[in-house]
Amino acid sequence: MSDGVNGSQCAAPGDAERHWWALTPDGAMSALDTSADGLSQVEAAERLRTFGPNELAAKAGVNLAAILLRQFTSPLIYILLVAALVTIVLQEYIDSCIIGAVLLMNAVIGFNQEYRAERSMEALRKLATTRAHVIRNARERQIDARELAPGDIVLLDAGAKVPADCRIVHSTALEADESLITGESTTVAKSNAPLAEDTPVPDRASMLLTGTVVTRGRGRAVVVATGYRTQLGLIAESVGRIEEAQPPLLRRMDRFARIVGIAVLVASAAGFLMGLAMGEDAHDLFLTLVALAVAAIPEGLPVVLTITLAIGVKRMAARHVIMRRLPAVETLGSCDVIGSDKTGTLTQNRMTVARVFTEGQVFHVTGGGYEASGQFLLDGRMADVAASSPLRLTLLAGALCNDAAIVQTDGELEVHGDPTETALLVAAAKAGLFKDELEERYPRQAEIPFDPERRYAATLHEDEGAPRLFVKGAPEQILEMCTDATGEPALDRQRVLQAAHDMASDGLRVLAMAYRELASPPEELIAEEHLTGLTFLGLQGMIDPPREEAMQAVRGCQQAGIRVIMITGDHATTGLAIAQELGIAGEEGRSLTGADLDQLDDAALHEAARETAVYARVSPEQKLRIVTAIQGLGHTMAVTGDGVNDGPALKAADIGVAMGRSGTDVAKEASDMVITDDNFASIFAAVEEGRIVFDNVRMVTFFLIATGVGTVLAVLASILFRFQLPLLPAQLLWLNLVTNGIQDVALAFEPGEKDVLRRPPRPRGEGIISPVLWERTAIAGAVMAAGTVLLFLLEVHGDASSERARTVALTTMVLFQVFHVGNSRSEHLSAFAKSPFSNRLLFVGTAIALAIHIGALYLPPTQYILRVEPLDLWMWPRMIAVALAVIVAVELHKLVRRQRERRTTQRGLD
């Protein structure tokens, strides 16, 4: 196994890097030049100077300047900046001011959204100073964890947060929650026994890792690594070296901006050469081409793009999603693979007893989480938990031989303690056996705490004056202590072991229960002689059950063409069982472990990634390999995670999704979005919103580009046929930023279509404008140009002034926009299939845009700026009739395309 992220090896004073988990406790302390009395203050200070403080570099606060600069990095913004400079050089200061206002508006909207997202992230961070209980100069002390150094002796008990990477020296029933680092869903038993050097991180039982939490027992350990030398530090450092993936929306916008830029250059060069060939004045021709460039550039697109994304952010916030970057809003809508963590995301993160085996029968337990409601089903029928039944005794043993606590308040259970033990208490509560009531009837007299080496726990209780011993533990260990079974003539050990194996194969964690009635209270509290001759009661199998809403979300993702895979630090059997229940994996679903991945080269992993549904017991390094392999197959991938171990993969993914409740700061900082309720269903909701956002971005772009194509064709026609310019630069900006600027913003509020989650994901290489929409853009642009030029020439040949003719041309184009916005509400549906009131903001915005333009024809300031004048009433019917042609043309194109798609589908079925 490789070192680095996957195998923490730490420098120690005067020593080479070591596999600390493979050393004996005395060997580790000797290598660190320390003793049971701990370091002296002088030695600790010297080592602190050598190794530095035990902390990771604190993240700087919100960088306002960096957020502001990011608002000017879009390719379309670059085009706007060039346009502004050109208008300044040409002394067209009105145009310059309008473009400047657009840039400012875009920056303000984008800055505000990102700043608010960063503030939300800060609110999610749990800032707390960790204290450490250490031995220094042979005396126990409490110190700031920052002051720890290699060689320090630390003392830990239940509830303590591990302050550094430590080698266990002594332990008593010690268990730890290591999900922060390994993704393990259940607590891990710890001991001081040395292990093989190639033992992977999740199985290093002789180590305690920074940031994990002691859930049971107590222990003494020696610090072997601090700061960036810890497992947590190595992962955090690797995250910083990974280059973030560019969001698909920005990649598409880059391509789109290049297309627009090339089109502007080609059209300008063609127009300039064509004009020179016809003998036009070079200076006048240059001004004409500036107008063409202004017409071609969709000045309003950066603003409306930012607004569209901000609307998506607001919608997502209502569905428990915080977006840290605006472009990431659309990315989930583009993804076709989601790599999800298991614990807490797909599952409830609450261990639950699912089956009970007793007297040769298997009872299925209903109800999940911490709910007292639930039934015990035998062959599909509700079982009677009778007072003397083996089932009741099995549940009673699990509740009494138990150190967790449970409180029932208003029908809801509040539990405290180890997840496995709380699951046993909840199962007993479903049978009406509540621990507080049981302890009054069966007061505890003595106990033997669980120990990983013994593999069992025992408690002695008084039962109406008679002593009764209850024992729980590993099935193999408990069976060795039993001589018979309740309700049966003889104990069938093979049958019990087979039942335990069946449960474990389905991903359940299995505990066995037994008891013994003593003739008299023992002279010693609990002696070894009392732990023989036990009566076997039964098995309880528990699992962290999947969320019901996660099942629905997984099915929804699959219907939307999105493949869901599980990447977990948990065991393969457990992960595959949950994946099959969720529908992520089929009955023959394939899983790979971290050990399997180490045997695959990159080419083999690429092939395996096509079919593998579950990756289990993976390290951060391996999770990163999985992500890059799937991306290498051409997929757009989202990755979820909450632990430090997820950080590298979150950052490398097309979109990283961190958990808000259970997520670590490392995971959140590496991610593009945060799910505040830690629920996979919220990710699915974000997918829906992402697709709606992209649809709206696409249709807004289509709306703006079609108008731009129309005006470009009109300008080129004026050069080719040598007539006056039909629209001036200021009028073109008026079109792009004011009249359609209101409509395109309102178009961003368009609600999603019903089939948005029934479509396949967009191809990774598809642009902002689809091939179908490019066809439609050409058709709509040609109709707009023809109609505008036609009415302009009719006015010119009717001896109208240039201002009047251009006013007619400008107003005709405004009316084209009014009707074309209806075409732009859907790529597939007819404009008449959508109610004008389903997007009331668009209906009102369109009316306002038209009213503003009519007002501009009569107000002296706008008459001066735009060079327009009022129009006679009789002109309006003619302009409206011409503008309606754009609806007719686009509807015909939609009809032809729908018929063509139906024929293609039919041929495929035949």
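Residues numbered from 1 in each chain as written. Predicted model: local features only at pLDDT ≥ 70, side-chain atom pairs only at ≥ 80, totals over all residues. Heavy atoms only, no water.

(A) Examining the overall build of the chain more closely. Looking only at helices and strands, the chain features 31 helices and 29 strands. Going through the 910 residues of the chain one by one, you find that 57% of them count as buried. Sequence-distant contacts, at least 24 apart, represent 73% of the contacts inside the chain between residues at least 6 apart. Only carbon and sulfur atoms are counted for the fraction: they give 56% of the accessible area of the chain, which is about 37300 Å². (Helix = DSSP H or I, 4+ residues; strand = E, 2+ residues; numbered from the N terminus. Buried < 20%, exposed > 50% of the residue type's maximum accessible area, 1.4 Å probe, protein only. Contact = heavy atoms within 4.5 Å. Areas by Shrake-Rupley, 256 points an atom, 1.4 Å probe, with all protein chains shown as cover.)

(B) Layout of the sheet that holds strand β24 (residues 563-567). Spatial ordering of the open sheet is given by β10-β29-β28-β27-β11-β24-β26-β25, a layout of 8 strands whose pairing is mixed. The open sheet terminates on both sides in strands that have one partner only, identified here as β10 (321-323) and β25 (590-593). Each adjacent strand pair in this sheet contributes to an overall mean axis angle of 20 degrees, direction not counted. Where strand β27 (residues 637-641) lies against strand β28 (residues 655-659), 4 bridges are found, and the strand directions are parallel. (Pairing = 2+ DSSP bridges. Axes fitted to C-alpha atoms, helices over the stretch in contact; angles between N-to-C directions.)

(C) Highlighting the pairing of strand β13 (residues 361-365). Relative to β13, strand β12 (residues 352-358) runs antiparallel, the two being bridged by 4 bridges. Bridge assignment links Phe-357 to a residue of β13, and that residue is Val-362. Hairpin geometry of β12 and β13 is characterised by an intervening segment of 2 residues between the two adjacent antiparallel strands and by a positive phi of about 50 degrees at Glu-359. Where β13 lies against strand β14 (residues 376-378), 2 bridges are found, and the strand directions are antiparallel.

(D) Highlighting a positive patch on the surface. A contiguous patch of positive charge, built from Arg-900, Arg-902, Arg-903 and Arg-907, is present on the exposed surface. With respect to the secondary-structure elements, Arg-902 resides in helix α31 (residues 885-909). Judged by relative accessible area, Arg-902 falls into the exposed class, the value being 52%. (Patch = residues over 30% accessible without salt bridge, like charges linked within 9 Å, V, L, I, M, F, W, Y side chains within 5 Å. Salt bridge = Lys/Arg side-chain N within 4 Å of Asp/Glu carboxyl O. Lys, Arg positive; Asp, Glu negative; His and termini not counted. Charge placed at Lys NZ, Arg CZ, Asp CG, Glu CD.)

(E) View of the nonpolar core. Within the largest apolar cluster, 95 residues are counted, with the highest numbers of intra-cluster contacts made by Leu-539 and Phe-680. Once residues within four sequence positions are removed from consideration, Leu-539 is found in contact with Arg-355, Val-356, Phe-357, Thr-394, Pro-475, Val-496, Ala-499, Ala-500, Met-503, Val-510, Leu-511 and Ala-512. Formed by 36 residues, the second largest nonpolar core is a distinct cluster that contains Val-356, Phe-376, Leu-396 and Val-415. (Core = buried A, V, L, I, M, F, W, Y, C linked by side-chain atoms within 4.5 Å.)

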